[in-house]
Amino acid sequence: MRALNPEKALILKKLATDSDSDRAARADLETIYRAAVAAVDPARLVGRAMDGSCRGAEQVPDLIAGASRVWMLAVGKAAAGMAREIERRIGDKLADAIAVIPKVSAATTDSGLMLKKKVRVLASGHPVPDESSEAAALAACEMLHGAAVDDLVIVALSGGASAMFTRPADGIALADKIAVNQALLKAGASIRELNVVRKHLSAVKGGRLLRHCGGARVLGLIISDVPGNDLATIGSGLTAGDWSSFDDAVAVMKRRGVWGRAPESIRGYLERAVAGEGDATVKSNDPILERVTNVIIGDSDVALEAAEQAAAVLGYHPDRWKELRGEANDVGRALAEYLCEVTRERVCPMAGGEPVVTVRGAGRGGRAQQCALAAAIELSEIAPARRITVLFAGTDGIDGPTGAAGAFASPATVADGDRAGVSAATALIRNDSYNFFKAAGGLFITGPTGTNVSDIFLALVNN
């Protein structure tokens, strides 16, 4: 057998070494990611709050002890875990309960255990609301009408609740509200902008759910997927006062180029509301808020603190970057540039947040995968020989309408795509990051995690 050319042998040896190094880096990144997700396990967070041991929850044990009965509504991607823990701790005092969970996780959720007890499990649409989202809201409102002044209503809220819990305002068809929601998503609206509009087209958001609680005390246990933990934005503020107005909703739709294409029923409703004919959201000075206690029980910071600890255990130097915000393409490029500035050995930069994607192509993907692809392209151009591996992923395990949580990327990712017959540049333009990474071998797949504190970015540099 003929011996390899020495130069070619060296190249092949380097490729094999690089491949082994990348696999090891990906394994470490997954370990760090899973530590972050475990730290925001819903049952763990709820348990701490109900013990009064997390910040803001000092009154929670007394609120529960002083209630004649407890009613529970859990809505969002973490609803199943939150509902189970609340049910376990409340026991016989629980009068009735509903958990609204995403359809995508319904098949893997042990809802049977709940159904044998007092928690009704309703599967709902996400990320786009549908008839099941409306049915869930109607069922919950009907249940809560049974609450009395001496009772306590626990609303366990987590990311995804805005889509999963939908009751349009009078005169608005569900299909019209869905059309506006979809248009805003494609236009790259931020979570804050989306929820400003959602609240003002709703009969339950923007604090309006409180009007269905029969005068009972209300305890909001909230896992935040919103940077800054704005109560009025998380889940569109089911139990919080609203700082925005009908004018703000119209301004968002005009700024995102959606107003002129919106259904006539939506524009007519908002125009009448701006003129003073609409039912306003609950404002911060409304007396109804005097009987409400809202507690943020988990957020991105909790996850990132656990990620820092896990990285340190693996021998890396944690490096917290700024919040992820803005267009995914810009975020990915900016992060790649930052990573190239790192000179220290074995550094683990990380960040949390929620970039947006303005959809211009007909491809398939999500904001985490779009960020990863933009970062890969930038790394291939400015740092082709650097030892850098990155992971962008949703803490919920679901990135956009795909089966992936996110994607890995490195300076070699573009070349991996070329060898697989897919163009990174074309995929970026077409918003087709999922199919690119599927071909190039960079998809990160976990399945639904049962929690959600927005997206997480992790990297290993000079490892």
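By convention here, each chain's residues receive numbers from 1 onward along its written sequence. Totals for whole chains, interfaces and linings use every residue, but because this is a predicted model, local features are given only for residues with pLDDT of at least 70 and side-chain atom pairs only at 80 or more, for both listing and counting. Note: side-chain values were computed over all heavy atoms of the structure, leaving out hydrogens and water.

Draft legend 1. How the structure looks around the side chain of His 212. Looking at where His 212 falls in the secondary structure, it is placed in the loop between helix H10 (191-199) and strand E5 (217-223). Buried, partly exposed and exposed residues are distinguished by accessible area as a fraction of the type maximum, computed with a 1.4 Å probe on protein chains only: under 20%, between the cut-offs, and over 50%, respectively. Relative accessible area serves as the criterion here: at 14%, His 212 is assigned to the buried category. We call two N or O atoms a polar contact when they sit within 3.5 Å, provided that within protein one can donate a hydrogen and the other can accept it, with sequence-adjacent residues counted only if both atoms are side-chain atoms. In terms of polar contacts, His 212 uses its side chain to reach the side chain of His 145, at 3.0 Å. Whether two residues are in contact is decided by their heavy atoms: any pair within 4.5 Å suffices. The contact partners of His 212, leaving out residues within four places of it in the chain, are Cys 141, Leu 144, His 145, Arg 167, Ala 203 and Val 204. In DSSP terms, a helix is any run of H or I states spanning at least four residues, a strand is any run of E spanning at least two, and both are numbered starting from the N terminus.

Draft legend 2. Focus on the packing of helix H14 (residues 328-340) against helix H15 (residues 367-382). Where helices are involved, their axes are fitted lines through C-alpha atoms of the stretch in contact, as for all axes, and angles between N-to-C directions lie from 0 to 180°. Packing of H14 against H15 leaves a shortest axis separation of 7 Å and a crossing angle of 45 degrees. Here H15 runs oblique to H14, going by the angle between their axes. For the pair H14 and H15, the crossing hand works out as right-handed. Note on element contacts: H15 touches H14 through Arg 367, Gln 370, Cys 371, Ala 374, Ala 375, Glu 378, Leu 379 and Ile 382, opposite Ala 328, Asn 329, Val 331, Gly 332, Arg 333, Ala 336, Glu 337 and Cys 340. Classifying every residue of the contact of H14 with H15 by side-chain character gives nine nonpolar, three polar and four charged. For classification purposes, angles smaller than 35 degrees are called roughly parallel, those larger than 145 roughly antiparallel, those between 65 and 115 roughly perpendicular, and all remaining angles oblique. Handedness of a crossing is defined here by the sense of rotation of the near helix relative to the far one, left-handed for an anticlockwise turn of less than a right angle and right-handed for a clockwise turn. Each residue is assigned to one class: nonpolar for Ala, Val, Leu, Ile, Met, Phe, Trp, Tyr, Cys and Pro, charged for Asp, Glu, Lys and Arg, and polar for all the others, Gly among them.

Draft legend 3. Local environment of the packing of helix H16 (residues 413-420) against helix H18 (residues 433-440). Here H16 crosses H18 at 80 degrees, and the two axes come no closer than 8 Å. Taken together, H16 and H18 sit at an angle that is classed as roughly perpendicular. Within the contact between the two elements, H16 uses Thr 413, Val 414, Asp 416, Gly 417 and Ala 420 and H18 uses Phe 436, Phe 437, Ala 439 and Ala 440. In terms of residue class, the contact of H16 with H18 is made up of six nonpolar, two polar and one charged.

Draft legend 4. Seen up close, the pattern of salt bridges. The term salt bridge refers to a pairing of a side-chain nitrogen on Lys or Arg with a carboxyl oxygen on Asp or Glu at a separation within 4 Å. With the rule as written, the count across this model stands at 26 salt bridges. With a closest N to O distance of 2.8 Å, Arg 69 and Asp 151 form a salt bridge. One end of the pair, Arg 69, is in the loop between helix H3 (60-65) and strand E1 (70-75); the other, Asp 151, is in the loop between helix H7 (131-144) and strand E4 (152-157), with 82 residues separating them in the sequence. The class for Asp 151 is buried, based on a relative accessible area of 3%. With a shortest N-O distance of 2.7 Å, Lys 199 and Asp 242 are connected by a salt bridge. With Lys 199 in helix H10 and Asp 242 in the loop between E5 and helix H11 (246-255), the pair connects residues that are 43 residues apart, well separated along the chain.

Draft legend 5. Structural view of the pairing of strand E2 (residues 94-102). Across the nine residues of E2, seven count as buried, placing the element largely inside the fold. Where E1 lies against E2, six bridges are found, and the strand directions are parallel. Within the sheet, the bridge partner assigned to Met 72 lies in E2 and is Ala 97. Convention used here: a crossover is right-handed provided that the path from the first strand, over the helix, to the second strand proceeds clockwise when the strands point away from the viewer. With respect to chirality, the unit in which E1 leads through helix H4 (residues 79-90) into the neighbouring parallel E2 is right-handed. Pairing between E2 and strand E3 (residues 119-124): six bridges, direction parallel. Residue Ala 99 lies in a different strand from E3, and its bridge partner there is Val 121. Criterion used throughout: strands pair if DSSP finds at least two bridges between them.

Draft legend 6. Local environment of the sheet that holds strand E7 (residues 317-320). Sheet architecture is open: six strands sit in the order E7-E8-E12-E9-E10-E11, paired in mixed fashion. In the strand order of this sheet, the two ends are held by E7 and strand E11 (443-444), each with one partner. Of the strand pairs in this sheet, strand E10 (residues 406-409) and E11 are connected by two bridges, and their pairing is antiparallel. Within E11, the residue paired with Ala 407 across the bridge is Leu 443. Seen against the sheet, helix H13 (residues 300-313) touches E7, strand E8 (347-353) and strand E12 (455-461) and runs at an angle of roughly 170 degrees to E8.

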